[in-house]
Amino acid sequence: QKEVEQNSGPLSVPEGAIASLNCTYSDRVSQSFFWYRQYSGKSPELIMSIYSNGDKEDGRFTAQLNKASQYVSLLIRDSQPSDSATYLCAVNIMIKAAGNKLTFGGGTRVLVKP
Amino acid sequence: DTAVSQTPKYLVTQMGNDKSIKCEQNLGHDTMYWYKQDSKKFLKIMFSYNNKELIINETVPNRFSPKSPDKAHLNLHINSLELGDSAVYFCASSQDLTSRSFDSPLHFGNGTRLTVT
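Let us look at the structure shown here. (Residues numbered from 1 in each chain as written. Chains lettered and ligands numbered in written order. Predicted model: local features only at pLDDT ≥ 70, side-chain atom pairs only at ≥ 80, totals over all residues. Heavy atoms only, no water.)

### Topic: the overall build of chain B
Step number 1: A count of helical and extended segments in chain B gives zero helices and eleven strands.
Step number 2: The order of α-helices and β-strands along chain B, N terminus first, is β-β-β-β-β-β-β-β-β-β-β.
Step number 3: The C-alpha atoms of chain B give a radius of gyration of 14 Å, which matches the 13 Å a tight globule of 117 residues would have.
Step number 4: Considered along the principal axes of its C-alpha atoms, chain B spans approximately 45 × 30 × 30 Å.
Step number 5: Looking at the 117 residues of chain B, the share that counts as buried comes to 45%.
Step number 6: Sequence separation of at least 24 residues holds for 55% of the intrachain contacts in chain B that already meet a minimum separation of 6. (Helix = DSSP H or I, 4+ residues; strand = E, 2+ residues; numbered from the N terminus. Rg over C-alpha atoms; globule rule 2.2 N^0.38 Å. Buried < 20%, exposed > 50% of the residue type's maximum accessible area, 1.4 Å probe, protein only. Contact = heavy atoms within 4.5 Å.)

### A closer look at the state of the cysteines
Residues and elements named next belong to chain B.
Step number 1: For the structure shown, the criterion picks out two disulfides over all chains.
Step number 2: With its sulfur 1.8 Å from that of its partner, Cys23 forms a disulfide with Cys91. Disulfide Cys23-Cys91: torsion about the S-S bond near -80 degrees, hence left-handed. On the criterion of sequence distance, the pair formed by Cys23 in strand 3 (residues 19–25) and Cys91 in strand 9 (residues 87–94) is long-range, its members being 68 residues apart.
Step number 3: Classification of Cys23 as buried rests on a relative accessible area of 1%.
Step number 4: A relative accessible area of 0% means that Cys91 is categorised as buried. (Disulfide = S-S within 2.5 Å.)

### A few points about the layout of surface pockets
Step number 1: Here the largest pocket is characterised by a volume of approximately 480 Å³.
Step number 2: Around the largest pocket, the lining comprises 34 residues; the ones closest to its centre are Gln38 and Gly41 of chain A together with Gln37, Lys41 and Arg113 of chain B.
Step number 3: Sorting the residues of the lining of the largest pocket by element identifies strand 9 (85–94) and strand 11 (108–113) of chain A together with strand 9 and strand 11 (112–116) of chain B as the ones contributing at least two each.
Step number 4: Roughly 210 Å³ of volume is contained in the second largest pocket.
Step number 5: Around the second largest pocket sit Lys36, Asp38, Phe42, Lys44, Ile45, Met46, Glu58, Thr59, Val60, Pro61, Phe64 and Asp85 of chain B, which together line it.
Step number 6: A per-element tally of the lining of the second largest pocket places strand 5 (residues 43–50) of chain B first, with three residues. (1 Å grid on protein atoms, 1.4 Å probe; cavity = no way out; pocket = protein on both sides within 12 Å on 5 of 7 lines; lining within 4 Å. Points joined across faces, edges and corners; volume = space filled by probe spheres on them.)

Such coordinate-based values are descriptive only and should not be taken to indicate function.
Okay, structure coming up:
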């Protein structure tokens, strides 16, 4: 079993609709969770971070975390063509007091069609 | 005012050669990383350094040798390059706080696309 799993997609979404991305992780001691967006040929850029169970909203993005189910999701409201990218789920485990091990899922490719 | 910069952006070389990739961050972060992203876009950690000390060393062939002369720099040297080393290598940094180490996302450089022929 992979440590962090995502559906590779592509997830095709009409412009203006909600894109829903899911991520599951295997390590129960995971402490923090991140969503990154990566455009083709570019580096990953941070969209959202979430540490506590529940929802966290930032603009058109909402991250949802359920530690009991080891599940984190990302909703993109009012999807725009510029949201077309690969979305990477990342799970953090602290190794030492000054170390982090951020493990990434394989990413979900999102295509927003005008 | 680039936060995390790595050079070169592209690197094309032949099997058996030795090459280096350099990385510098001006964010004042304590920890730096090397990640490898293969053709399937899977991003996997290779190494992390905290204040010049090696923290994480995943199962990477010992042909790969990171070097951190100071906490703002982390270079990657690769000996005897193989076809399977072709990938995009990302440098990253994070500010790790001893009291809240989980609150430190990664900031990535623009990547180095390595092609071994």
